[in-house]
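# Structural features, examined
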Amino acid sequence: MAGRQFAARTTASLLAAAHMEELVTTTPQAYEARAQTLAGDRDQLMALRSKLRLMQSKAPLFDTARYMQDLERGLDIVFARHCDALPPQHVAVPAEDPLPKPPVDRFSHGKVAAPPIHAA
């Protein structure tokens, strides 16, 4: 449930970044109704799991390697400014070519294995 608390804002933000906005609610009543709907509708729950699995391969939120690459480039830019005796300031990290595809698991017959998604 989206709200004013840090955890509520963070959770809503993460769901939006994962393109799972349909799980964000704004009232306790809507939250409870959504939970009851999902608990009673296995097909809808499975559809959400499938969508989440698809988003794991598409959404930038799940691209940890890209995040680390961007963070390292940003730190390099900041450190270069420091070495040039420039004052601190906000920096923009320029986009680079996409990362190479992840390595293929040799036991999965050429497919990249997706981590399992577990229901809570």
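Above this text is the structure in question.
So, a few notes on the structure that sits alongside this text. (Residues numbered from 1 in each chain as written. Predicted model: local features only at pLDDT ≥ 70, side-chain atom pairs only at ≥ 80, totals over all residues. Heavy atoms only, no water.)

## Points about the environment of Leu 61
Just so we agree on the cut-off: Only DSSP runs of H or I covering at least 4 residues are called helices, and only runs of E covering at least 2 are called strands; the numbering of each starts at the N terminus. Note on classification: 1.4 Å probe, protein chains only; a residue is buried when its accessible area is under 20% of the maximum for its type, exposed when over 50%, partly exposed between these limits. Between two residues, a contact is recorded if the distance between any of their heavy atoms is within 4.5 Å.
Within the secondary structure layout, Leu 61 lies in the loop between helix H3 (42-58) and helix H4 (64-83). For Leu 61, a relative accessible area of 35% translates into the label partly exposed. A C-alpha to C-alpha distance of 6.0 Å links Leu 61 and Ala 17, two positions 44 residues apart in sequence. Among all residues touching Leu 61, those that are not within four sequence positions of it are Leu 14, Ala 17 and Ala 18.

## Section: the pattern of salt bridges
As a reminder, the rule being used: Take a side-chain nitrogen of Lys or Arg and a carboxyl oxygen of Asp or Glu: if they are within 4 Å of each other, that pair is a salt bridge.
Counted under the stated rule, the structure contains three salt bridges. With a closest N to O distance of 3.1 Å, Glu 22 and Lys 51 form a salt bridge. Highlighted residues: Glu 22 in the loop between helix H1 (6-17) and helix H2 (28-40) and Lys 51 in helix H3, separated in sequence by 29 residues. One salt bridge connects Arg 73 with Asp 70, and the closest N-O pair in it is separated by 3.0 Å. Residue Arg 73 and its partner Asp 70 are located together in helix H4, separated by three residues, close to a single helical turn. Residue classification places Arg 73 among the buried positions, given a relative accessible area of 13%. In the salt-bridge network here, residues are joined through shared partners; they are Arg 66, Asp 70 and Arg 73.

## Here we look at a nonpolar patch on the surface
To be explicit about the condition: Exposure above 30% relative accessible area and the lack of any salt bridge qualify a residue for a patch; like charges then connect within 9 Å, and the nonpolar side chains Val, Leu, Ile, Met, Phe, Trp and Tyr within 5 Å. Note on areas: Shrake-Rupley, 1.4 Å probe, and residue coverage restricted to the protein chains presented here.
Taken together, the side chains of Tyr 67, Met 68, Leu 71 and Leu 75 present a nonpolar region at the surface, about 400 Å² in accessible area. Mapped onto the elements, Leu 75 comes out in helix H4.

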